[in-house]
Amino acid sequence: MGQLIPEERILEVQQANDIVDIISEYLPLRKSGSGYKALCPFHDEKTPSFLVSPAKQIYHCFGCHKGGNVFTFVMAFEKVNFIEAVKILAEKSGIRLITNPTPQEDYDEKKRATYLKINHWATDYFHKKLSGSNEGEVARAYLAKRGFKQGTIDRFLLGYAPEGWDNLLKASRQDKIKESHLAELGLILPRKEREGYYDRFRNRLMFPIFNSRDRVVGFGGRALDETEPVYLNSPESAIFSKGKTLYGLNFAKESADKKGLLCIVEGYTDVMMAHQAGLEWVVATLGTALTEHHIKLLRRFVNKVVLVYDADIAGEKASARTLDMFLTEELDLNIAELPKGLDPYDCIVQKGANVFARAIDQAKDLFSYRMASIRNKYDLNNLDEKAKAIDEVLEMLSLIPNIVKRNLLIKRLAEETQTKENVLRLRLAEREKQKKFAYDPPPKETAVRKTNSAGVMALRNIIEMMIVNNDTINKIRKNLVSEDFSSPPYGRIITEIFRLYEKYDKVSLDTLLSVLSDDPACVNEVIEVTERNIISDKEVCREHLDELIEFFSKQRRQAKEAPLLKKELKESMGKGDGESFRSAQKKYLELRKSLLHKVRSK
């Protein structure tokens, strides 16, 4: 199954998390008959077509046809893989996934859990200092001056670290939090001249930094006096890495899914003001350049990213290395330039959210942005400089894995530089040969197995039958061979049903979906099959089972007899024996026709 987590533990997690309870944490569910309804979170709709069945422990949307169990829902909504979804649900239900952890694994797991709890405690401490103490007046005045509303302050859980050397430290002692843990998280620092610690953040507006799952993993602090640096972040720790975290992603991911993009800015207040203005698909880096980890994280949530820069410094910020990383990851990148001299916060406050949104809508695609940069860098009327410019763009195009997209951009380059396409292709091939970078070969032709519609329907009926009536599984196992169900996704589904029945003496829909959750194609097929209710009771199973077994038996006979009949047809044609040819042809057609009877259809 390719899973690092024991199957028994996965099933335990699935059984501990009722699908109605979990989905209701994400969506408002309304009772409808024996189940629940909601507007589908995976496509735009005005009438609810998203149904949740507590009896079957599945969900299904009749609009976009997405469905599955509690694991597949978390995977789809949180944009995580199967293992991560299991971990999320295990954490919700308090189940430990590692049954026999090594001492190091046990220590690491407990340490991460402890650090998250401490950060939650610190967030609460700072937030109370901001909102409920006289000390926080300086921070409240700063936020009011910057135009932030109380709803925004509460949503982002902003806080205040008061003046003084040991306020946080004293509060932690009252709550019996270990100093060593606070030090490892960077909330306190060791004194240089004597023993003990002091607070890292003092007289600073505090920005909790969340991961994509709403857990506080670190903090950013803005000085409210002349202290340097103006912005100070938590150091790297077991739960925090600046190069893997994007500020505001936890708040932006749902809007980003609907908008179809994420917008990258640079500051905490840029993000907060954008969200306050209703532009909730904006996130920020944490004072670092974009990394490969950032880009892989972005790909989990969207296919399109817009980088936003002040027009004065766009060329400096959008480095070639950053742009190239987007190309190799096949993430659609656009560059937006704001009015001269304005950062995102200033643009929204001074010009309005509409101006910022318009800049996003008018963002240049990567090729257009690079060509504009090239024109500023080179004189395209000069032959030598034009050749250098073309080479620079070809270097960029060589990084694009998608051949179709690469070829389309070569056509655009030909138009932009008034150069023949075949010359550009030759130059690209020449450059790639020089650096021993093989040009993407055309995809190899692979034999596509033609789908026998009757065979597919038979396999779907077999799957439905085994789920409805487990008593049929043994008979099916004895009479079917692996060749009967080798085509995907049916091979995986049927193999798992056999395996689960052998291991547990029963197979339920929710258990089957749990072990298939890492394969969306399998999950969707099982959901569709069980939603048909064609084989609705055990009596129908008994009537239909022998027909299905006979169908697969005939199918195997055809596979053996068809080549012989084809050979007979060919030989009779060669001999010119019309009667033998007609006889062989009749046998062949009857053999194929016989496979199509008695297979129930939808």
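Novice: What is the right way to look at the overall build of the protein in this model?
Specialist: Counting secondary structure elements, the protein contains 27 helices and 16 strands. A buried classification covers 47% of the 602 residues belonging to the protein. In the protein, 65% of the contacts between residues at least 6 apart in sequence involve partners at least 24 apart. Within the structure as shown, the protein displays about 31400 Å² of accessible surface, and the carbon and sulfur contribution to it stands at 49%.

Novice: Looking at this model, I keep getting lost on the nonpolar core. Mind explaining?
Specialist: Nonpolar side chains in soluble globular proteins tend to end up buried together. By size, the foremost hydrophobic cluster in this structure holds 106 residues, and its most contacted members are Leu-187, Tyr-247, Phe-356 and Leu-397. When residues of this core are assigned to their parent elements, the largest contribution, seven residues, is made by helix α5 (residues 103-132). Here Phe-356 is in contact with Cys-263, Val-265, Leu-279, Trp-281, Val-282, Val-308, Leu-338, Pro-344, Cys-347 and Ile-348, once residues within four sequence places are set aside. Within the second largest apolar cluster, 38 residues are counted, among which are Ile-462, Met-465, Ile-493 and Val-515.

Novice: Which parts of the structure should I look at to understand the sheet that holds strand β11 (residues 231-233)?
Specialist: Within a sheet, each strand pairs with its neighbour through backbone hydrogen bonds, oriented either parallel or antiparallel. Strand order in the open sheet formed by four strands is β6-β9-β10-β11, with antiparallel pairing between adjacent strands. In the strand order of this sheet, the two ends are held by β6 (159-161) and β11, each with one partner. Direction aside, the axes of adjacent strands within the sheet are offset by 35° on average. Bridge count between β6 and strand β9 (residues 204-210): three bridges; the pairing is antiparallel.

Novice: What is the right way to read the layout of surface pockets from this model?
Specialist: It is the rolling of a water-molecule-sized probe over the atoms that shows where space remains empty. Each pocket or cavity is described by its volume, and for the largest pocket that value is around 1800 Å³. Around the largest pocket sit 45 residues that line it, and Lys-87, Glu-91, Arg-112, Leu-116 and Arg-213 are the ones nearest its centre. For the lining of the largest pocket, the secondary-structure elements that each account for two or more residues are α4 (82-93), α5, β10 (216-223) and α12 (292-299). If one sorts the elements of the lining of the largest pocket by residue count, α5 sits on top with eight residues. For the lining of the largest pocket, a count of residues per class yields 22 nonpolar, nine polar and 14 charged.

Novice: Please explain the side chain of Asp-199 as it appears in this structure.
Specialist: Its place among the elements puts Asp-199 in strand β8 (residues 197-199). Despite being buried, Asp-199 has no salt bridge partner; Arg-202 is the closest side chain of opposite charge, sitting 7.1 Å away. Among the polar contacts listed, one links the side chain of Asp-199 to the backbone nitrogen of Asn-167, at a separation of 2.8 Å. Here Leu-169 takes part through its backbone nitrogen, which lies 3.2 Å from a polar atom of the side chain of Asp-199.

Novice: Explain the pattern of salt bridges to me, please; I cannot follow it from the model alone.
Specialist: Proximity of charged atoms lets side chains of opposite charge pair with each other. As enumerated under the stated definition, the model contains 29 salt bridges in all. Across the salt bridge formed by Arg-460 and Glu-525, the nearest N and O atoms sit 2.5 Å from each other. Within this pair, whereas Arg-460 is found in helix α21 (residues 453-468), its partner Glu-525 is found in helix α25 (residues 520-532), the two being separated by 65 residues in sequence. Each of the two residues, Arg-460 as well as Glu-525, counts as buried. Several salt bridges share partner residues, and in doing so they unite Glu-7, Glu-8, Arg-492, Glu-496, Arg-499, Lys-503 and Asp-519 into one network.

Novice: What is the right way to read unusual backbone geometry from this model?
Specialist: What is expected of a backbone is that most residues other than glycine have negative phi and most peptide bonds are trans. Following Glu-228, the chain continues into Pro-229 via a peptide bond in cis, with omega recorded as -5°. One can find Pro-229 in the loop between β10 and β11. Unusually for a residue other than glycine, Lys-79 sits at a positive phi of about 60°. Its place among the elements puts Lys-79 in the loop between α3 (70-78) and α4. You will see that Asp-214, though not glycine, has its phi angle at about 70°, which is positive.

Novice: Can you walk me through the environment of Tyr-231 in this structure?
Specialist: Within the secondary structure, Tyr-231 sits in strand β11. If we skip the residues at most four places from it in the chain, Tyr-231 touches Arg-204, Phe-207, Gly-221, Arg-222, Tyr-268 and Thr-269.

Novice: Just to check I follow, could you spell out the pairing of strand β12 (residues 262-265) for this structure?
Specialist: Two faces make up the sheet, and in a regular strand the side chains alternate between them. The two faces of β12 match: Leu-262 and Ile-264 on one face and Cys-263 and Val-265 on the other face are all buried. Remark: the β12/helix α11 (residues 268-276)/strand β13 (residues 282-284) crossover connection has right-handed handedness.

Thresholds, definitions, all that
- Residues numbered from 1 in each chain as written.
- Predicted model: local features only at pLDDT ≥ 70, side-chain atom pairs only at ≥ 80, totals over all residues.
- Heavy atoms only, no water.
- Helix = DSSP H or I, 4+ residues; strand = E, 2+ residues; numbered from the N terminus.
- Buried < 20%, exposed > 50% of the residue type's maximum accessible area, 1.4 Å probe, protein only.
- Contact = heavy atoms within 4.5 Å.
- Areas by Shrake-Rupley, 256 points an atom, 1.4 Å probe, with all protein chains shown as cover.
- Core = buried A, V, L, I, M, F, W, Y, C linked by side-chain atoms within 4.5 Å.
- Pairing = 2+ DSSP bridges.
- Axes fitted to C-alpha atoms, helices over the stretch in contact; angles between N-to-C directions.
- 1 Å grid on protein atoms, 1.4 Å probe; cavity = no way out; pocket = protein on both sides within 12 Å on 5 of 7 lines; lining within 4 Å.
- Points joined across faces, edges and corners; volume = space filled by probe spheres on them.
- Nonpolar A, V, L, I, M, F, W, Y, C, P; charged D, E, K, R; others polar.
- Lys, Arg positive; Asp, Glu negative; His and termini not counted.
- Salt bridge = Lys/Arg side-chain N within 4 Å of Asp/Glu carboxyl O.
- Polar contact = N/O pair within 3.5 Å; in protein donor to acceptor, adjacent residues only side chain to side chain.
- Right-handed = clockwise from strand over helix to strand, strands pointing away.

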